[in-house]
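Residue-level structural notes
Below, each chain spelled out in residue letters.
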Amino acid sequence: MADIQKISEMARPKPPIGPAPYLQGLNPEQCEAVEALDGPVLVLAGAGTGKTRVLTTRLAHILNQGRAQPWEILCVTFTNKAAREMRNRVGSIIGDTVERLQWLGTFHSISAQILRRHAELVGLKSAFTILDTDDQLRLLKQVIAAENIDEKRWTARHLANLIDNWKNRGLGPDKVTEQDGWSFANGKGAKLYGVYQERLKALNACDFGDLLLHTLAIFLKHEDVLSEYHRRFRYLLVDEYQDTNVAQYLWLRLLARGSANLCVVGDDDQSIYGWRGAEVDNILRFEKDFPGAKVVRLERNYRSTEHILGAASGLIAANTSRLGKTLWTGDSGGEKVQVRGVWDGEAEARAACEEIENWHSKDNAYADCSVLVRASWQMRAFEERFIALGLPYRVVGGPRFFERAEIRDAHAYLRAVRSNADDLAFERIINVPKRGIGATSVQKLQTAARNMNVPLAEAVRHILATDEIGGKARTGLRTLVGDIDRWREIAKSLPHGELAEIILDESGYTAMWRDDKNPQAQGRLDNLKELIQAMGAFDTLEGYLEHVSLVSELDVERRDDDQISLMTLHAAKGLEFPMVILPGWEESVFPSQRSLDEGGKASLEEERRLAYVGLTRARQQAIIYFAANRQIYGRWQAVLPSRFVDELPPDHVEARADTGYYNQAGQHGQSGAAGNSVEETVSQFDDGRSTYASPGWKRFQAKKAAVKTIEGTARRVSANKESSNGLKHGMRIFHQKFGYGRIEILDGDKLTVAFEKAGNKKVMAGFVEKA
DNA sequence: TTCTTCACGCTTTTT
DNA sequence: GCGTGAAGAA
C-alpha cells in the first residue's frame, strides 16, 4: 500500500487556506468545539444545541485549515439519513470537495467498504453478500433444525437476538463461552453460533453484525492493515457517540490509535438504544479512555421555550448515571407543558386532534405538529381519528420499503439470476409463485446439494437428470432453471431495470399479485413498480444490490405535503416540531413494563431519557396525555399516570383532567367546557376507593356497566365547572363504550342517559384533576 | 401439496 | 384481538 503512504506524505500539513467565514454565528462553546483540532475531544451536545452544525463546521474547518485531505477524514454516523444530511450540509460550506469525502458514512457502510478490500483475511470473497434479517432467520432455522433442537421451544428469532448481542459486544464464536450460550437450548447456543458462522462463510455471506466484527478481527490480527488505516485517517469524527455499542467502540479505539484527533459528539441524556447494544458507558467513560481529552459542553439551546426546557431538564434530573448539563435558552416565556388526563385511548386521540385542529386554525401548518408514541400499536387510534376527521398525516418509520415481502422476493429473483451460488435467494423464490415444489422437494434438494457440496441451484440440475423428483415439482423446477438461464443470458445486454421487469413478468410473480383478491395486492404491485423505477438510479445491478443491503428506505423524501407526523419516540430523535403531542404517559405503557422487567433501573433510566427526547423535540408547545383505561391486546386495563408525569417540575407544567363530552359526530360538544364527563355520569363512581399509587392524581373506580339505560349522579371532575354545564335534555351524546346515547332526564346534578346500542365493555376508572 | 385449524405471543429498530 | 406459524386433514 505504498500509494497510500505517498498520498499521505503529499498531504502533510499545509498552511491555512483562508479565512473562516463559516465560523460566524457560532457561539463561543460551538467555536471551541470546532477549533479544538489537536487531541481527543468530547462534545457534550444537549438537545437542540446545534450539534450537527458543530460537526459539519468542524469538518469544513479541518479541510480549510489544510489539516487533512478529504479522504483522510473518517466521519461516522449511525444512520444513512444522518450521513446524507451531513454530506449535504458540509457540501453547502465547502462545495464540490464534498464528493471526495469517501469515508463519510455509517459504521456499517464504512466497514463494508473496508471489508471488501480485505475479505480474504477472514475467509470471504470480496463479492460477499450482505444478508438481511429475513435471510438470517431462514439460515438460523436450518442450523437449528440440523442440530435436532425443538424449534418451538428455541426459536430462530431467539437465537438471532442472542447472536446479535454477542456481535454487538464484539464477541466471535471463539470468545463465547458455554456459560454465555447456556441461555439457549441448554448450552448449545455457543455451538450453534459457530455453525451459523461456518454456514455464512460457505455462502460467502455476512450479516450486519459481521461487517463490524470481521473488520474488527482484521484490525486485531493484521497489524499491517490496521496501520495502513492509521496512516490514512488523520481525523476521526463520530456522531451520536452515546449510541455506540462495544464492537463499535473497539473498532473506533483501534482506529484512533493512529491519530489523537478523535472527536466524538453525543448526549448521554439521549441514549435510547440500550436494547440493541448501545452502551451509555462509552460516553461516560470517554475522558478515562482518552486521557487529556478536551470536554466541551454545548448548553445553549436554540430550539425550545423556557417551559419546555425546564420540564425536560427537571425530568431528566431524576436519572443518576449521567454527566450532567444545564441547558438554557434565551427564549423566555412560552406556554407551559400541558398534562391532560383522559378516559381512554380513543378519548386521547379525539382530544389530541382537537388540539391540533385548534392549532391549525391559528394559522399554523399541520406539518408543524407531531404525535410521538412509545409503541407503534398506539398509532392505530390516532390514524383512525385522523381519517375520520380528514386530517392529513403521515407515519414516519413504520414498515420499511425494502423489508416488504414483495420487494424481498423481487430482490431474491435478481440475486438468484446474478449468482448461481446465492442459496438463500434461490430458496426464497423456488416456490413463489407456486410451482408445486413443496417442503419435501426442497428437503431433497438441500440434502443433494450438501452431499455434492454444490449450490442449491446446481443441485437442481443434477436432480433433474435423475428421476428422484417427479410430477408437478419436476416440471416446476425445469421451467424455473430454464427461465433463470434465459434471464442470465439477456442480463448481459439489457439494462437492469428492464431485466427486473421481464423477470417479474415471466416468472409469473406479477401475475400472482394481480390475481390476488386481497385489497393490499394492488399496493404490492405499486411497490414493485416503484422498485423498478428506483433501480434506474444505479449504473449496475451490483451497485443497486449493495445499496439496498445497507439501506432500509428509498431515498425519496416526501416532505412537501402539509401533514401531521405520527411516529415512535425512537423515530423522532434528531427531529423537531413546533407542536408535539405525547400520548400514553401511563405506567406500564411508558415506561414500558416489559422494558422494566428486563432491565430494571437501567431500563427505567433509558425510558426516562426517551421521555426527555420526546419533550425536547418541541419548540413551542408540548401536550402530554395519560388515560385511565387502556385496551392492550384487546383487553381493557385500568392504568395509572406515568411516574414521569409526577416527576415533571410543577413550575413548568399545567395539569388537568380532561373530561369533555361529545356529540354524535364524535366532536367536542362545548368548547372548553370541562364539565362532568358522560363517563362519570353514567358509571356511578365511588370516589377514592381504588388502589392508588400516583401522588397527586386521584383515581376513582367504576362498576361494571352493561346496561341500556344508565343512571347516575353527576360528579364534578373539574373543580372550576358546574357539573351539568352544557348538557341539555334530549342532547345526543357519544360514549366510547356505549355508542350514541340521548339524555333523558336532566335534573340538577342527576341525569339519565339512554343508549341506542348497549355496550358490554367493562368501564373501569377515571381520574380527577391533580390537587 | 395445499387447505384448515388452533395455539401462542405480542416494544422500541438501524444497519 | 389478531396475525403468524406449525400441525393435522383433504
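Given the structure is predicted, the values throughout are model-derived calculations rather than measurements.

DNA strand B sits among 29 residues. The nearest are Asn80, Ser376, Arg400, Gly438 and Thr568. Looking at DNA strand B alone, sugar and phosphate atoms form 59% of those within 4 Å of the protein. A distance of 2.4 Å separates a phosphate oxygen of DNA strand B from a polar backbone atom of Asn80. Where the surface near DNA strand B is concerned, the elements lending two or more residues are helix H19 (439-452) and helix H27 (593-616).

Residues Val432 and Pro433 are joined by a peptide bond in cis, for which omega reads -5 degrees. Here Pro433 is to be found in the loop between helix H18 (423-429) and H19. Between Phe590 and the following residue, Pro591, the backbone shows a cis peptide bond with an omega angle of 10 degrees. Within the fold, Pro591 resides in the loop between strand E13 (577-582) and H27. Of note, Asn453 is a non-glycine position whose phi angle comes to about 60 degrees, a positive value. Within the fold, Asn453 resides in the loop between H19 and helix H20 (456-465). A residue is classified by how much of its surface remains accessible, and Asn453, at 68% relative accessible area, is exposed. Unusually for a residue other than glycine, Ser588 sits at a positive phi of about 85 degrees. Of note, Ser588 is situated in the loop between E13 and H27.

Now for the pattern of salt bridges. Should their charged atoms come close, side chains of opposite charge can pair. By the definition in use, this model includes 44 salt bridges. As a salt-bridge pair, Arg285 and Asp281 come within 3.7 Å of each other at their nearest N and O atoms. With its nearest N and O atoms 2.9 Å apart, the salt bridge here joins Glu348 to Arg630. Residue Glu348 is located in helix H15 (residues 345-361), and its partner Arg630 is located in strand E15 (residues 629-632); the two are separated by 282 residues in the primary sequence. Overall, Glu348 belongs to the buried group, its relative accessible area being 1%. For Arg630, a relative accessible area of 5% puts it in the buried group. One connected set of salt bridges, linked through shared partners, spans Lys51, Asp239, Glu240, Asp243 and Lys573.

Parameters at a glance
- Residues numbered from 1 in each chain as written.
- Chains lettered and ligands numbered in written order.
- Predicted model: local features only at pLDDT ≥ 70, side-chain atom pairs only at ≥ 80, totals over all residues.
- Heavy atoms only, no water.
- Near = heavy atom within 4 Å.
- Polar contact = N/O pair within 3.5 Å; in protein donor to acceptor, adjacent residues only side chain to side chain.
- Helix = DSSP H or I, 4+ residues; strand = E, 2+ residues; numbered from the N terminus.
- Buried < 20%, exposed > 50% of the residue type's maximum accessible area, 1.4 Å probe, protein only.
- Salt bridge = Lys/Arg side-chain N within 4 Å of Asp/Glu carboxyl O.

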